[in-house]
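# Observations on chain architecture
Given next are the chains, with one letter for each unit.
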Amino acid sequence: MRVSLNWLRDYVDISLPVRDLAHRLTMNGLNVEEIFERDPFKGVIIGKVLEVTKHPNADKLSLTRVDIGSDILNIVCGAPNVQAGQLVAVAAIGTMMPGGFEIKKAKIRGEESNGMICSKSELGFEKDKSPGIWELDTNQSYQLGQAFTEFMKLGETVFEIDVTSNRPDCLNMLGIAREIAVIENKPLKTPKTNLKDNGAPIASLASVTVEDAEGCPRYAARVVQGVTIGPSPQWLIEKLEAVGLRSINNIVDITNFVMLECGQPLHAFDYDELKGRRIIVKKSKAGEKFQTLDGKFHELNDEAVMICDAERAIAIGGIMGGKNSEISDKTKNVLLESAHFNSKRIRRSSKFLGITSDASGRFGRGIDPEGTLRALDRATDLIMQFAGGSIACGIIDVVAQPRAPRTVKLRATAINKLLGVTIPESDAVSILEKLECRVNKTSGGEFDVTPPSFRLDLNIEEDLIEEIARIYGYDQIPNATGAYVNYEAEESKPERLSRELRATMREIGFSEAVTNSMVHPKPQLALSPQAEGQLMKIMNPISEDMSVMRTSMLPSLFDIIKGNLFRKNFDLQLYEIGKIYLHNVGNPLPVEQTIICGCATGMRDPIHWSHQSEPFDFFDLKSVILRICQKFMLDSIEFNPYNFIEVYAPNSLEISAGKHRLGHLGKIQKSILRHFDIDKDVWAFELDYAVLSELARFKKAVKPISRFPSIQRDLAMIVNKSISAGSLMDVIRANAGANLESLDVFDVYTGDQIASDKKSLAFSLLFQSPERTLTEEEIDAALITVISKVEKEFGAQLR
């Protein structure tokens with residue numbers, strides 16, 4: 001939130017230097033993120049008229065030469081009072097004037113003009129057109145070329161303050177001024193109103209009915225007749241511009257000004273556009289459409305608070321007004337609304353509709369329920385001053401849900417115990433009273449504290465103690481020496497698995513990704529169109545991008561790959577450990593499954609002069625899985641065909657560990673990748689974390705290295721192409737005997753020398769005994785048994 005120090009000075013005398021004040025506010029919980037100087041007359045500088053001559057082609061124009069320090073400008077001037085020797089305000093080329101027009105280099109009646117000598121009205125200091133240029137005081141200290149703002153001492157300091165969600169009372173100037181008043185120990189100057197409501201009785205002009213008391217506990221209104229719509233006074237425009245709002249017209253500007261001053265959003269309706277001269281506050285109907293002030297149509301849910309007249313909706317309460325009742329240049333009569341809306345309803349409706357406004361931001365956090373009438377009277381008084389008209393006699397104030405004041409018990413012993421420092425009772429009471437709390441002592445060391453209506457965050461004893469600490473000064477509370485207990489806890493199996501799995505993936509070369517479990521539904525449905533209607537939807541999502549729970553982590557990793565490819569980072573190896581949420585038939589809650597998902601694209605390792613890099617392929621991906629299985633000592637790993645053709649290309653594999661299905665791996669279908677604008681090959685795997693956790697082993701068994709020699713034999717077999725190497729290896733291991741130390745595939749051949757439906761697999765078998773030297777006869781016998789079994793089970797032929 002932007003806060004103007006000049007504006008704050010209307011409510012409190014500020015004596016602290018700017019940076020000291022910013023520090024004190026930050027220490028009090030209002031973090032000043034930025035301090036900047038605002039120049040409302042940027043480009044306007046001080047100049048001196050050196051020479052004035054008559055324009056050769058126009059009787060009422062003059063040619064002037066103006067010294068601005070760094071240059072002498074030729075300027076055509078139409079003011080009758082321009083004279084040599086005058087000190088003037090010069091708008092240089094490129095200056096944006098308060099009226100909204102830019103100063104440009106021009107030729108006026110054939111003579112070049114390089115700027116403008118300004119009058120008071122052109123700078124916004126006079127409402128009516130000035131008769132001549134503004135002759136500045138030469139007795140005042142000046143420099144030619146000096147900024148006009150500096151010369152006139154009009155510079156403005158603006159704070160950018162981060163107001164935390166629990167302090168909605170500080171989303172306005174009076175709220176910040178109240179904090180400064182406590183810091184500086186000075187009184188708060190609240191604005192006074194001087195209403196003269198001597199018009200027609202308001203009961204004869206309008207009525208208010210609140211049907212949705214839960215959504216609108218209080219609704220107040222005034223009517224002002226005979227207003228004149230026009231520009232706002234310059235002081236009001238400057239205050240709004242200082243905090244980032246543009247001026248619209250006097251009525252709208254006043255409602256914005258009062259909202260920024262006291263935190264109560266207001267809305268002005270064109271009274272003559274209200275059908276039946278009635279206001280009815282009711283709940284919206286699902287599917288109802290409404291056009292807001294910005295011209296957009298919105299489809300409502302059944303939770304918005306709607307402000308209606310006798311025939312139609314005219315505003316979404318607490319969020320935005322309607323196009324059909326907005327203030328226009330033709331408006332003559334105004335109904336001014338000041339209401340208190342249910343903050344939860346406003347937050348949910350604002351998110352559902354995708355509308356964020358200054359009003360919804362304040363109502364959504366909560367406003368002062370007792371500030372409704374003060375703000376209404378303040379705005380009405382200003383409208384009377386700057387738009388004219390007459391104020392209808394009386395006020396409409398419908399309190400649909402009365403509010404009882406809160407009283408919080410406070411114990412002096414609790415203050416000292418919680419803060420760890422002794423604060424005298426009198427000091428604690430003084431701090432609370434400065435914060436406008438009413439404090440009544442009930443018994444020894446106990447108090448009944450009634451927080452002010454604007455402090456919605458003070459509800460329990462700890463809240464009050466926090467306020468005392470905040471104003472007393474956190475830096476005044478000494479650090480406590482803590483007690484440190486050194487203890488050791490055995491690492492659980494899931495913790496160790498998580499740690500070692502991440503370490504293994506780093507060693508392999510994969511980078512960990514962390515993505516959101518709440519996602520957009522379209523990417524999820526791209527992987528599994530049949531899942532439509534089965535996705536777990538988020539109630540009241542922040543946006544559609546976070547509206548469902550993911551059923552796969554692949555889309556999130558694809559998005560990361562897409563972003564990296566766009567930035568020319570083509571070689572990626574990513575993984576994520578997280579949850580997916582699957583449809584649970586007959587149960588409103590999903591099945592939560594933790595998985596390990598990995599994706600790789602590009603080259604397997606960086607390009608280097610010492611070797612030729614190869615693209616990441618199927619066997620690289622398979623080796624990643626084998627590395628994980630070896631790390632956690634999983635037995636009986638098998639790879640079998642996997643046909644999830646919607647996502648994975650043919651020849652993908654399902655991974656099993658004995659009877660347990662561990663996951664799958666393969667190449668992603670091109671059609672899926674096109675949906676994510678990826679034109680590179682992507683390889684992926686998904687593993688069930690729960691299965692891996694169940695099967696993982698960490699205690700490694702070791703055996704001594706045999707001192708007896710090993711014997712290696714090679715075996716080449718011709719089999720059908722459909723037979724996997726893994727199935728042959730299982731049979732070989734089962735029949736080669738206890739002395740088979742290792743078994744590897746070292747060659748796969750298909751070609752002219754064997755039939756087209758066949759392949760040759762060559763295995764290397766290493767035999768070794770820990771107890772003795774093996775004989776050739778023992779090895780030959782083992783191989784005969786192996787060959788016999790392979791021939792019988794697979795129809796294999798020895799090559």
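One structure accompanies this document, and this report is about it. The shown structure was predicted, so the numbers you read here are calculated from the model rather than taken from an experiment.

### Things to note about the side chain of Q146
Tracing the backbone through its elements, the reader meets Q146 in the loop between β9 (116–117) and α3 (148–151). If near-sequence neighbours (up to four positions away) are discounted, Q146 is found in contact with V44, I45, I46, S141 and F151.

### A short note on the sheet that holds strand β1 (residues 2–4)
Reading across the sheet, the 3 strands line up as β1-β10-β2 and stay open at both edges, with antiparallel pairing between neighbours. Looking along the sheet, the strands with just one partner apiece sit at the ends: β1 and β2 (31–38). Across the sheet, the axes of successive neighbouring strands diverge by a mean angle of 30°, strand direction being ignored. Looking at chain direction, β2 and strand β10 (residues 156–162) are connected through 7 bridges and run antiparallel.

### Quick word on the environment of A177
Topologically, A177 is positioned in helix α4 (residues 173–184). A residue is classified by how much of its surface remains accessible, and A177, at 0% relative accessible area, is buried. With 239 residues separating them along the chain, A177 and N416 place their C-alpha atoms 29 Å apart. Beyond its immediate chain neighbours, meaning those up to four positions away, A177 contacts L8, Y11, V12 and L188.

### Details of the pattern of salt bridges
Across all of its chains, the model carries 53 salt bridges by this definition. Between E261 and R378 there is a salt bridge, with the nearest N and O atoms lying 2.8 Å from each other. Residue E261 is found in helix α6 (residues 250–262), and its partner R378 is found in helix α9 (residues 372–387); the two are separated by 117 residues along the sequence. R411 is paired through a salt bridge with E461; the nearest N and O atoms lie 2.7 Å apart. Of this pair, R411 sits in strand β23 (residues 408–411) while E461 sits in helix α12 (residues 461–472), and the two are 50 residues apart along the sequence. When its relative accessible area of 39% is taken as the criterion, R411 is described as partly exposed. Through salt bridges with shared partners, a single ionic network connects R167, D169, E179, R455, D457, E467 and R470.

### Concerning the packing of helix α11 (residues 425–434) against α12
Between α11 and α12, the shortest axis-to-axis distance is 9 Å and the interhelical angle comes to 95°. Looking at the two axes, α11 sits roughly perpendicular to α12. Packed against α11, whose contacting residues are A428, I431 and L432, the element α12 presents L464, E467, I468, I471 and Y472 at the interface. Among the residues forming the contact of α11 with α12, the class breakdown is 7 nonpolar, no polar and 1 charged.

### Here's the deal with unusual backbone geometry
When glycine is set aside, most residues are seen to have a negative phi, and most peptide bonds are trans. Non-glycine residue R277 carries a positive phi angle of around 50°. Locating R277 in the fold gives a position in the loop between β13 (266–270) and β14 (278–283). Non-glycine residue N540 carries a positive phi angle of around 55°. Note on placement: N540 falls in the loop between α14 (521–527) and β28 (548–549). Take N540: its relative accessible area is 33%, and that puts it in the partly exposed class.

### Points about the side chain of D212
Take D212: it is sitting in the loop between β11 (207–210) and β12 (218–225). The exposure class of D212 is buried, given its relative accessible area of 8%. Here the side chain of D212 touches R345 through a polar contact of 2.5 Å, side chain to side chain. The residues contacting D212, other than those within four sequence positions of it, are V281, K282, K283, V305 and R345.

### What about helix α16 (residues 618–631)?
In this model, α16 (14 residues) spans 20 Å end to end at C-alpha, consistent with the 20 Å of a helix rising 1.5 Å per residue. Of all the residues in α16, the buried ones are F618, D620, L621, V624, I625, I628 and C629. Of the surrounding secondary structure, the elements contacted by the buried residues of α16 are α13 (493–508), β31 (637–642), β32 (652–657), β33 (660–667), β34 (683–688) and α18 (689–695). One or two steps after α16, the chain reaches M633, where phi turns positive at roughly 55°.

### As for the packing of aromatic side chains
Here the structure, examined in full by the defined rule, presents 15 aromatic pairs. Ring centres of W134 and F148 lie 5.8 Å apart, and the angle between their planes is 70°; on these two criteria the pair is classed as edge-to-face. Of the two residues, W134 is situated in the loop between β9 and α3 and F148 in helix α3; the sequence distance between them amounts to 14 residues. By relative accessible area, which is 13% here, W134 ends up buried. Residue class for F148 comes out buried when judged on its relative accessible area of 0%. Look at W235 and F257: their rings are 5.6 Å apart centre to centre, the planes differ by 85°, and that puts the pair in the edge-to-face class. Residue W235 is found in helix α5 (residues 234–242), and its partner F257 is found in helix α6; the two are separated by 22 residues along the sequence. Taking relative accessible area as the criterion, W235 reaches 34% and is therefore assigned partly exposed. For the cation-ring pair, K680 lies above F570, with the distance from its terminal atom to the ring centre recorded as 5.2 Å.

### Overview of the packing of helix α10 (residues 412–419) against α12
How two helices pack is summed up by the angle between their axes together with the distance between the axes. Interhelical geometry of α10 versus α12 gives an angle of 65° and a closest axis separation of 10 Å. One finds that α10 runs roughly perpendicular with respect to α12. Both α10 and α12 take part in a crossing whose hand is right-handed. Residues A414, I415, L418 and L419 of α10 form the contact with α12, whose own contacting residues are E461, E462, I465, I468 and A469. For the contact of α10 with α12, the residue count by class is 7 nonpolar, no polar and 2 charged.

### Points about the nonpolar core
Formed by 49 residues in total, the largest nonpolar core has its most connected members in L8, L25, F159 and I161. Considering each element in turn, this core owes the most residues, 7 residues, to α4. Excluding residues within four positions of it along the chain, L8 makes contact with V3, I14, M173, I176, A177 and I180. The next biggest cluster of nonpolar side chains, apart from the first, holds 39 residues, and it includes A206, V210, Y271 and V281.

Quick notes on the rules
Residues numbered from 1 in each chain as written. Predicted model: local features only at pLDDT ≥ 70, side-chain atom pairs only at ≥ 80, totals over all residues. Heavy atoms only, no water. Helix = DSSP H or I, 4+ residues; strand = E, 2+ residues; numbered from the N terminus. Contact = heavy atoms within 4.5 Å. Pairing = 2+ DSSP bridges. Axes fitted to C-alpha atoms, helices over the stretch in contact; angles between N-to-C directions. Buried < 20%, exposed > 50% of the residue type's maximum accessible area, 1.4 Å probe, protein only. Salt bridge = Lys/Arg side-chain N within 4 Å of Asp/Glu carboxyl O. Parallel < 35°, antiparallel > 145°, perpendicular 65-115°, else oblique. Nonpolar A, V, L, I, M, F, W, Y, C, P; charged D, E, K, R; others polar. Polar contact = N/O pair within 3.5 Å; in protein donor to acceptor, adjacent residues only side chain to side chain. Expected span 1.5 Å × (residues − 1). Phe/Tyr/Trp six-rings, centres within 6.5 Å; stacked < 30°, edge-to-face > 60°. Lys NZ or Arg CZ within 6 Å of the ring centre and 35° of its normal. Left-handed = near helix turned anticlockwise from the far one by under 90°. Core = buried A, V, L, I, M, F, W, Y, C linked by side-chain atoms within 4.5 Å.

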